[in-house]
Amino acid sequence: MSFYLRKSIKVGPLRFNLSKSGVGVSAGVKGLRVGTGPRGNYVHMGRKGLYYRATIPKSSSANPTPTTRPPTPVDLTPESATHATLEEIESADISQIVDSSSSELLAELSKKRKKARLWPFVAVASAAILVVGLSESWPTWLLGILLLLGLTCTYFVHLRDVLAKTTVLFYELEPDMERTYGEMHNCAERLASCAVAWHIEASGAVHDKKYHAGASTLVNRNKTFIKKAEPPDLKTNVETVAIGVGRQTLYFFPDRVLVYDTNGVGAVGYQNLQVEVTHTRFIEEGNVPSDAQIVDSTWKYVNKSGGPDRRFKDNRELPICLYDSMALSSQTGLNEVVEVSQNGVADPFANAIESLAQKMPKESASASSPN
């Protein structure tokens with residue numbers, strides 16, 4: 001998952017260009033482009049090898065206890081009596097996940113995300129006029145002009161929407177920072193190569209292990225993704241890693257993690273991000289991932305000695321797989337758990353995040369002023 005570092009970004013009809021003298025913007029077609037260097041619309045922030053310009057205004061244990069998903073309820077005792085209520089593992093409201101150096105950037109992102117897209121209204125209005133014209137038997141030449149005019153207006157309003165809602169974020173990385181960020185990408189590639197990744201939504205203690213294959217903890221989990229992706233309405237010159245965590249998505253940038261959900265955008269600096277890795281023995285009731293390491297087996301319903309409980313006709317042997325589990329948290333409220341089917345791939349990623357944190361400048365009590 002090697003990343004790129006581009007010198008230009010295209011947003012609708014405009015192209016933003018990064019040079020030693022600053023950021024310029026141009027527009028036009030091949031062979032004819034006009035441009036300018038709107039430094040007044042950019043800020044230049046950063047130190048110790050990491051800088052960015054943005055379009056923002058000036059103003060682990062050796063043998064942990066196995067966990068499993070809740071099995072199908074049985075008739076001998078209510079399932080709710082066999083385990084505690086599963087407690088949801090969820091981050092705080094997105095408005096609380098803000099580090100001091102990101103407040104201005106987040107304000108700009110949130111402001112632009114709230115802007116309405118106008119092109120659908122123009123398209124609907126144009127279609128309505130055409131419907132009226134057809135029903136009133138207007139001349140064909142007039143209908144053709146109206147169709148062309150409607151398509152043209154819709155296209156240009158769409159370009160307006162793109163420019164109005166898009167934030168452009170340029171990064172300049174010194175060689176040492178570029179190597180560190182590249183190593184994080186390499187580690188993320190190993191995570192992405194796992195056959196399956198899950199987001200752990202909730203967990204709870206087991207009261208009666210014999211009904212849960214001998215596990216002491218139950219979890220609710222859903223398949224998720226780890227991939228290269230760019231956040232919506234944001235254009236940047238570096239490739240970013242995205243990890244889905246339920247209703248939120250984490251985007252890993254060179255200096256911070258942006259947290260996106262339907263309500264807005266949050267941010268966690270690497271110095272405030274904790275990534276704890278555990279190697280989890282998971283009792284797998286579904287299909288075993290192709291790259292999973294099976295370390296033991298148990299029974300769906302076990303007796304006190306660990307053998308099969310003969311009272312259950314559908315009692316079958318289940319594999320115990322060794323997975324990697326990553327808990328991502330911050331003091332500002334980030335609280336997510338991601339599990340992957342390979343063992344031994346999460347530790348390098350956690351170490352890479354720690355290396356990025358060590359490269360970051362120390363944050364002061366208030367955000368630094370843009371230059």
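Residues numbered from 1 in each chain as written. Predicted model: local features only at pLDDT ≥ 70, side-chain atom pairs only at ≥ 80, totals over all residues. Heavy atoms only, no water.

Re the environment of Gly-244
Here's step 1: Structurally, Gly-244 can be placed in strand 14 (residues 241–245).
Here's step 2: Separated by 16 residues in sequence, Gly-244 and Tyr-260 have C-alpha atoms that sit 9.7 Å apart. (Helix = DSSP H or I, 4+ residues; strand = E, 2+ residues; numbered from the N terminus.)

Considerations on the packing of aromatic side chains
Here's step 1: A full pass over the atoms with the stated rule returns 6 aromatic pairs.
Here's step 2: Considering the side-chain rings of Tyr-155 and Phe-156, the 5.4 Å spacing of their centres and the 75° angle between planes classify their relative orientation as edge-to-face.
Here's step 3: Note on Tyr-155: relative accessible area 46%, which makes it partly exposed.
Here's step 4: Phe-156 gets classed as exposed once you look at its relative accessible area, which sits at 51%.
Here's step 5: What links up through ring pairs into an aromatic cluster is the set Trp-198, Phe-282 and Tyr-323.
Here's step 6: Lying over the aromatic face of Trp-198, Arg-221 brings its terminal NZ or CZ to 4.1 Å of the ring centre.
Here's step 7: We note Lys-227 situated over the ring of Phe-225; from NZ or CZ to the ring centre the distance is 4.8 Å. (Phe/Tyr/Trp six-rings, centres within 6.5 Å; stacked < 30°, edge-to-face > 60°. Buried < 20%, exposed > 50% of the residue type's maximum accessible area, 1.4 Å probe, protein only. Lys NZ or Arg CZ within 6 Å of the ring centre and 35° of its normal.)

A word on the sheet that holds strand 15 (residues 248–252)
Here's step 1: The antiparallel open sheet is built from 5 strands, whose spatial order is 12-14-15-16-17. Two strands close off the open sheet at either side, each with one partner strand: strand 12 (226–228) and strand 17 (264–269). For this sheet, the mean angle separating the axes of adjacent strands, direction not counted, is 25°.
Here's step 2: Here 3 bridges tie strand 12 to strand 14, and the two strands are oriented antiparallel to one another. Bridge pairing links Ile-226 to Ile-243 in strand 14.
Here's step 3: Strands in contact with helix 1 (residues 103–113) are strand 16 (256–261) and strand 17; relative to strand 17, the strand with the most contacts, it is inclined by about 160°. (Pairing = 2+ DSSP bridges. Axes fitted to C-alpha atoms, helices over the stretch in contact; angles between N-to-C directions. Contact = heavy atoms within 4.5 Å.)

Points about the pairing of strand 20 (residues 317–329)
Here's step 1: Counting buried positions along strand 20 yields 10 of 13 residues, so the element is predominantly enclosed.
Here's step 2: When strand 18 (residues 274–283) meets strand 20, the two strands line up antiparallel, connected through 10 bridges. For His-279, the partnering residue across the bridge sits in strand 20 and is Asp-324.
Here's step 3: Direction of pairing for strand 19 (residues 293–299) relative to strand 20: antiparallel, over a ladder of 6 bridges. Note that in strand 20 the partner of Thr-298 across the bridge is Leu-318.
Here's step 4: As paired elements, strand 20 and strand 21 (residues 335–340) share 6 bridges and run antiparallel to each other. Bridge pairing links Ser-325 to Glu-339 in strand 21.
Here's step 5: Between strand 20 and strand 21, which pair antiparallel and follow one another directly, the connecting turn spans 5 residues, one of which, Gly-333, has a positive phi of 120°.

Description of unusual backbone geometry
Here's step 1: In this model, Ser-137 sits at a positive phi of 55°, which is unusual for a non-glycine residue.
Here's step 2: Of note, Ser-137 is situated in the loop between helix 2 (119–135) and helix 3 (140–165).
Here's step 3: The phi dihedral of Asp-233 falls on the positive side, at around 60°, and the residue is not glycine.
Here's step 4: Note that Asp-233 resides in the loop between strand 12 and strand 13 (234–236).

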